[in-house]
Amino acid sequence: MEGKPTVDAYVAGIFAQLKPLSRLIAFHPLLGLGRSLEEENERRSMNGMDISTDASFFTVEKRILGKNVVSWSATKTVEVFLYTRVKQSSSSRSENDHANNDGGGGGGSTHGDGTALFLCWNKECFGSTNPTAAVCEKSGLLVESCVYCGSSRAMKTRR
């Protein structure tokens, strides 16, 4: 289905909209999420940029469940991927500040609500130090490029 979002794209969008510290377990990598916080910060460090909790909105761990743990594969070792939404600067406002917000529901400008964020990989871009909301409010899918310079968000590929 050319041009239509994949199931993984919808799962990635839903995961990004969960509250910080939420977890998701998957039987295969969700490549549509892009790079994890650790991977983004490693790349930022190699490019002479400061590391940041806003570089990516999740961490991932590969866990081995073992053999004979699922009904469909008694002989093969089963592994899962544990994704965790991280706390970012969007989580830094206190609940009291949030309650006093006159219900303005800022469209992502203050990010005081736990919004998933990412930083642009382009060192010259304003978005490399100023986080952008990772989810498109209209579609619920992940944003594919930086709102400041248009550079594509770094995606992962199968190895």
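Anything mentioned here points back to the structure above.
Thresholds, definitions, all that
- Residues numbered from 1 in each chain as written.
- Predicted model: local features only at pLDDT ≥ 70, side-chain atom pairs only at ≥ 80, totals over all residues.
- Heavy atoms only, no water.
- 1 Å grid on protein atoms, 1.4 Å probe; cavity = no way out; pocket = protein on both sides within 12 Å on 5 of 7 lines; lining within 4 Å.
- Points joined across faces, edges and corners; volume = space filled by probe spheres on them.
- Nonpolar A, V, L, I, M, F, W, Y, C, P; charged D, E, K, R; others polar.
- Buried < 20%, exposed > 50% of the residue type's maximum accessible area, 1.4 Å probe, protein only.
- Helix = DSSP H or I, 4+ residues; strand = E, 2+ residues; numbered from the N terminus.
- Pairing = 2+ DSSP bridges.
- Contact = heavy atoms within 4.5 Å.
- Disulfide = S-S within 2.5 Å.

What the rule picks out here adds up to two cavities of 30 Å³ or more. Within this model, the largest cavity holds a volume of roughly 120 Å³. If you go around the largest cavity, you meet 16 residues; those closest to its centre are E40, F118, L119, R153 and A154. Here the lining of the largest cavity is composed, by residue class, of nine nonpolar, four polar and three charged. Estimates place the volume of the second largest cavity at around 50 Å³. Around the second largest cavity, the lining residues are E40, R43, R44, N47, M49, L119, C120 and W121. Residues belonging to the lining of the second largest cavity are distributed by class as follows: four nonpolar, one polar and three charged.

Turning to the pairing of strand β3 (residues 78-85), a few remarks are in order. The element β3 is extensively covered by neighbouring structure, given that seven of its eight residues are classed as buried. The sheet contact formed by strand β1 (residues 23-26) and β3 spans four bridges and is antiparallel. Following the sheet pairing, I25 is matched in β3 by L82.

Take the environment of A55 next. Within the fold, A55 resides in the loop between α2 (37-46) and β2 (58-66). Exposure remark for A55: the relative accessible area of 3% places this residue in the buried category. The spacing of A55 and W121 is 66 residues in sequence and 8.6 Å in space, taken between C-alpha atoms. Setting aside chain neighbours within four positions, we find A55 in contact with L37, E40, N41, R44, F118 and L119.

Evaluation of the coordinates by the stated rule reveals zero disulfides. Here C149 stays unpaired: no disulfide links it, and the sulfur of C120, its closest cysteine neighbor, is 3.7 Å away.

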